[in-house]
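Chains, contacts and geometry: an overview
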Amino acid sequence: MFQHWQIKILLIILLSFIVVCHPAQKDYEALAIAITTEAKSNLQQKLMAKMKEGGTALALPFCKENALGFTNTFGNEHSVRLRRLTNKPRNELNWLTKEETDIFLEIQKEKSKEGVYPNRMISSNNLVTVYVPIVIMGQCLQCHGKTSDISKETSAILAKHYPNDKAIGYEVGELRGLFSVEFLK
Ligand code: HEC
């Protein structure tokens, strides 16, 4: 039979094994929300500053030049791969993949009564990806709304820069796309 002290030692070994093998899990969802909230607010600030300076004539080309680069760099600075993806892209580099489209449609279906879309977390062997919804607000309509929301001038600039533009016809509260935040485990 084991002595009392032997059982104690066994218990200590067992406990330390459990603690060492289960390090505190990172809260990926909270991190993703913090990163995307900051990215969104930076993008909106830049956009609003350009709109004030020269309306959509200045803001649209500015977005074309900078939106994707900013998103990439911002992700790198936070050690994640950050992307804005959609089923109706203006910039064709922002298409969702087939699997991501399924996730988009699921999130779209699960809109709450209060108009809130859920986040979604997908884990694979070495990656955790958190998808955070991007929702249309009033200020987006002048560039993403229905024909009646978009000025003639803006329409002309859009047609020039984005002949295959799919990102129009939205209403406030609709799901515009997803931030994809990819963490290396
Ligand atoms: C001044 C016009 C303008 C306004 C206002 C605007 N956008 Fe955009 N948006 C653009 C342009 C231009 C692009 C394409 C950028 C690029 O070429 O990478 C874009 C791209 C996007 C994308 C990336 C997916 C895609 O279609 O390529 C998302 C998501 C998006 N906008 C959401 C919004 C939301 C949400 C708002 C409101 C908070 C908003 N936008 C307001 C002009 C605008």
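These numbers come from a predicted model, not from an experiment.

A look at the packing of helix α2 (residues 28-77) against helix α5 (residues 152-161)
Where α2 contacts α5, the axes come no closer than 10 Å and their chain directions differ by 25°. One finds that α2 runs roughly parallel with respect to α5. Regarding α2 and α5, the two cross each other, and that crossing is right-handed. Taking contact as the criterion, the partners of Thr 56, Ala 57, Leu 60, Pro 61 and Lys 64 in α2 are, on α5, Glu 153, Thr 154, Ile 157, Leu 158 and His 161. Looking at the contact of α2 with α5 residue by residue, the class counts come to 5 nonpolar, 3 polar and 2 charged.

Topic: the site of the ligand
Near the ligand lie 26 residues; those nearest to it are Ala 59, Cys 63, Asn 91, Cys 140 and Cys 143. Here the shell around the ligand gets 9 residues from one element, more than from any other, and that element is α2. Considered class by class, the residues forming the shell around the ligand number 13 nonpolar, 9 polar and 4 charged.

Focus: the nonpolar core
Formed by 16 residues in total, the largest nonpolar core has its most connected members in Ile 35, Leu 82, Val 130, Val 132, Leu 178 and Val 181. For this core, the secondary structure elements donating two or more residues are α2, β1 (81-85), β3 (127-135) and β4 (175-184). Here Val 132 is in contact with Ala 32, Ile 33, Thr 36, Asn 119, Leu 178, Phe 179 and Val 181, once residues within four sequence places are set aside.

About the cut-offs
- Residues numbered from 1 in each chain as written.
- Predicted model: local features only at pLDDT ≥ 70, side-chain atom pairs only at ≥ 80, totals over all residues.
- Axes fitted to C-alpha atoms, helices over the stretch in contact; angles between N-to-C directions.
- Helix = DSSP H or I, 4+ residues; strand = E, 2+ residues; numbered from the N terminus.
- Parallel < 35°, antiparallel > 145°, perpendicular 65-115°, else oblique.
- Left-handed = near helix turned anticlockwise from the far one by under 90°.
- Contact = placed C-beta atoms within 7 Å.
- Nonpolar A, V, L, I, M, F, W, Y, C, P; charged D, E, K, R; others polar.
- Near = placed C-beta within 6 Å.
- Core = buried A, V, L, I, M, F, W, Y, C linked by C-beta atoms within 7 Å.
- Buried ≥ 20, exposed ≤ 12 C-beta atoms within 10 Å, placed from the backbone.

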